[in-house]
Amino acid sequence: MKFPILISVGIFCVFAASAAKKDKNIDLTGDWREMTRSYPNRSNVAFDDTTFFHFLIGNEYTTQRKNHFMYRGTYKVYDGQLDIGMRLYQIFTVSKDEIVLKDEMGTYQFHRYQIPKQTEGASNVAGGNRGNISAGNIVQEQLPGRWEVYKRTSSETLPDIDYTTIIRVMELKQEQEGLAGGVESAKDMNGAPSWKVVGYQDGIIECKGKTDRKLKVLRCEGNELILQEGSLTYFFKKFK
């Protein structure tokens, strides 16, 4: 009996690893419009309460039905599911520009779209008047300054918060050799960073200290900086 059980466990582990890898490749960031809707006993249902989703960097989202109030929350993608808090969808199919979601009520097809710039400020769809968050081509010269965290989000529930690693402040400066500076955790004293910034390449800030860290730059514009490390996304501002 042990041999079949071991085979079953092995197959389950391979399937779970494959599902986790697939989930990590699902990028929903951007604007989505509902195109078709069907129910178990009715296909291609006519509707005028179109649902819009805007998925932001850092696992936040807004959603709105046409001519209805906008709702904001956080979302998670796991085990082939999209959890938006108030509802749980099965991700039936997904591609760069299309996603099909299912729940106990029906099946919903969404297409990715862009809000026209000339109407963005007056748009009634989810995320209207909020501007796009995009990494773009961020160069090293944009990064110097004292950056303080004002918000952080996570794509998964953190069992414990390690304040010795959670970032509080980053001081970045440009030197002849490249990007330099320090990264302070919530437990570090002011001006005593636990990590030293040793370089910037391909959108990654490299740090060395009690551990090596690679911080992915998602956005740097004006006084706003967004970094990602693992499941955590950090939002910084220049307050000084």
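This text goes with the structure placed above it.
Calculation notes
Residues numbered from 1 in each chain as written. Predicted model: local features only at pLDDT ≥ 70, side-chain atom pairs only at ≥ 80, totals over all residues. Heavy atoms only, no water. Salt bridge = Lys/Arg side-chain N within 4 Å of Asp/Glu carboxyl O. Pairing = 2+ DSSP bridges. Helix = DSSP H or I, 4+ residues; strand = E, 2+ residues; numbered from the N terminus. Axes fitted to C-alpha atoms, helices over the stretch in contact; angles between N-to-C directions. Phe/Tyr/Trp six-rings, centres within 6.5 Å; stacked < 30°, edge-to-face > 60°. Buried < 20%, exposed > 50% of the residue type's maximum accessible area, 1.4 Å probe, protein only. Lys NZ or Arg CZ within 6 Å of the ring centre and 35° of its normal.

**Some thoughts on the pattern of salt bridges**
Then, in step 1: As enumerated under the stated definition, the model contains 15 salt bridges in all.
Then, in step 2: Connected through salt bridges with shared partners, the residues Glu34, Arg37, Asp49 and Arg65 form a single ionic network.

**A short note on the sheet that holds strand E3 (residues 60-65)**
Then, in step 1: Read across the sheet, 9 strands follow the order E4-E3-E2-E1-E9-E8-E7-E6-E5 without closing on themselves; strand pairing throughout is antiparallel. Each of the sheet's edge strands pairs with one partner strand only, and the pair in question is strand E4 (70-74) and strand E5 (76-78). Pairs of neighbouring strands in the sheet enclose a mean axial angle of 30 degrees, with direction left out of account.
Then, in step 2: Across 5 bridges, E3 lies against E4 in antiparallel orientation. Across the sheet, Thr62 pairs through a bridge with Arg72, a residue of E4.

**Overview of the packing of aromatic side chains**
Then, in step 1: Inspection of the entire model under this criterion finds 9 aromatic pairs.
Then, in step 2: With 6.3 Å between their ring centres and 40 degrees between their planes, Phe55 and Tyr61 make a pair best called tilted.
Then, in step 3: When the centroid spacing of 6.1 Å and the interplanar angle of 40 degrees are considered together, the rings of Tyr234 and Phe236 count as tilted.
Then, in step 4: Judged by relative accessible area, which is 0%, Phe236 ranks as buried.
Then, in step 5: In textbook terms, an aromatic cluster arises when at least three aromatic residues are bridged by ring pairs, as seen for Phe53, Phe55, Tyr61, Tyr75 and Phe110.
Then, in step 6: For the cation-ring pair, Arg33 lies above Tyr113, with the distance from its terminal atom to the ring centre recorded as 4.4 Å.
Then, in step 7: Over the face of the ring belonging to Phe92 we find Lys102, whose NZ or CZ atom lies 4.9 Å from the ring centre.

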